[in-house]
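The residues making up each chain are set out below.
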Amino acid sequence: MIAATSLSNQPQEPARWQQALADAITDPAELLSVLGLDQGSLPGMRAAARDFPLRVPRGFVARMRRGDPFDPLLLQILPTAAELIARADFGTDPVGDLGSRQGAGLLQKYAGRSLLIATGACAVHCRYCFRRHFPYDEETASSHAWQGALDRLSADSAVQEVILSGGDPLSLNDRRLAQLTTALQDIPHIKRLRIHTRQPIVLPERVDAGLLDWLAGVRLQKVIVLHVNHAREIDGQVVKACQDLAGTGATLLNQSVLLAGINDSVEALSDLSEALMAAGVLPYYLHVLDRVSGASHFDVQERVACDLIDQLVARLPGYLVPKLVREVPGMSSKTPVTKSP
Ligand SMILES: *Cc1c(COP(=O)(O)O)cnc(C)c1O
Ligand code: SF4
């Protein structure tokens, strides 16, 4: 029997999430006007968006405060003239991705886990993204290139976990996702599937019956690592999406980036942990910013970051305090950030 949900993904009738994705705001002037903001910053926005375009789903914009140019959700996605300031210590490949390639689409940096760049597409463009300069066109394990990545995963019996990343792997439709996980399940040494995604947050429509059917059917152990930076990103629809994902048997974790002016206060971080917990998601990592060019205005000093964690420890149960880490090229894991003695 063919479930009605699988029919909804046929090309002739895009699913609701695909329509919402296509309907995302990409014009800076429209974003300002929807939020009732002054158009004065438009030239700088347009210049910054030329390099890395604006993209934000309307549902995410609806969670922003109208008339507030410093809204913490807005600042994550708003192209600004500050991005055009070049700094020698901020580069285009800050975490050494290009050096860790194992052929197109597969990154292997750490023992036992391989990261598959399943697609370059994202529902939202985060201005601080460490992959904002990544050459996705060359590096994506697109359908025809998946075979090479799958062959390499089969040949390496040390790989126990495959991380679907990108871009956002849930930009792929359910049929493509199922093709990929069916192939991964056939590799005997792979035990776990991890999915790094921001889509259930910025486009909760994505967590529909078709996606849930696919995920529930995956026999590997499942871990979903979400990406939320501020408590206000989590509304009722996002909580529902998280609950539905957990209902498939997946473990839900979150990673955040510490961002100046967005979540660099103990209140913002503790509200975030509480809101995640209320949605059934545990904080995993708090990343200090990767030094990607165009994002230097988001940087928070390590000393300040450590103080924030100390204050969180004093306020929250241990399981609601994320691990503060930096990604250092060439290291065999993320590097804990601690106060220098
Ligand atoms: C961050 C990352 C991982 C995951 O690391 P964990 O510490 O297991 O979360 C795996 N592979 C690559 C290439 C990464 O950048
Ligand atoms: S969703 Fe993730 S990969 Fe996509 S732009 Fe944002 S931070 Fe980058």
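Below or above, wherever it landed, is the structure these notes cover.

### Considering the packing of aromatic side chains
(1) Moving on: Under the definition given, this model contains two aromatic pairs.
(2) Moving on: Seen from their ring centres, Y128 and F298 are 6.1 Å apart, and the 90° between their planes marks the pair as edge-to-face. Within this pair, whereas Y128 is found in the loop between β2 (113-117) and α7 (136-139), its partner F298 is found in the loop between β7 (282-287) and α14 (302-315), the two being separated by 170 residues in sequence. Comparing Y128 with F298 shows no difference in burial state: the two are buried.

### Let's talk about the pattern of salt bridges
(1) Moving on: Following the criterion strictly, the structure yields 22 salt bridges and no others.
(2) Moving on: Two residues, R198 and E233, come together in a salt bridge whose shortest N-O distance is 2.7 Å. Taken together, the residues span a long stretch of sequence, with R198 in the loop between β4 (192-196) and α10 (199-202) and E233 in the loop between β5 (221-227) and α12 (236-246) at a distance of 35 residues. Judged on exposure class, the residue R198 and its partner E233 are both buried.
(3) Moving on: Between K240 and D244 there is a salt bridge; the shortest N-O distance is 2.7 Å. Remark: D244 and K240 occur in helix α12; sequence separation between them is four residues, near one turn of the helix.
(4) Moving on: Relative accessible area serves as the criterion here: at 47%, K240 is assigned to the partly exposed category.
(5) Moving on: Classification of D244 by relative accessible area gives partly exposed; the value is 22%.
(6) Moving on: Taken together, the salt bridges that share partners define one network made up of R65, D68, D71 and R232.

### Description of the site of ligand 1
(1) Moving on: Close to ligand 1 lie K109, Y110, R113, L115, I163, R194, Y284, Y285, E327 and K334, which account for all nearby residues.
(2) Moving on: In this structure, an oxygen atom belonging to ligand 1 sits 2.6 Å away from a side-chain N or O atom of Y284.
(3) Moving on: One of the side-chain N or O atoms of E327 is found 3.4 Å from an oxygen atom in ligand 1.
(4) Moving on: A per-class count over the shell around ligand 1 returns five nonpolar, no polar and five charged.

Reading the values: rules and limits
- Residues numbered from 1 in each chain as written.
- Chains lettered and ligands numbered in written order.
- Predicted model: local features only at pLDDT ≥ 70, side-chain atom pairs only at ≥ 80, totals over all residues.
- Heavy atoms only, no water.
- Phe/Tyr/Trp six-rings, centres within 6.5 Å; stacked < 30°, edge-to-face > 60°.
- Helix = DSSP H or I, 4+ residues; strand = E, 2+ residues; numbered from the N terminus.
- Buried < 20%, exposed > 50% of the residue type's maximum accessible area, 1.4 Å probe, protein only.
- Salt bridge = Lys/Arg side-chain N within 4 Å of Asp/Glu carboxyl O.
- Near = heavy atom within 4 Å.
- Polar contact = N/O pair within 3.5 Å; in protein donor to acceptor, adjacent residues only side chain to side chain.
- Nonpolar A, V, L, I, M, F, W, Y, C, P; charged D, E, K, R; others polar.

Remember that the coordinates give geometry; whether it matters functionally is a separate question.
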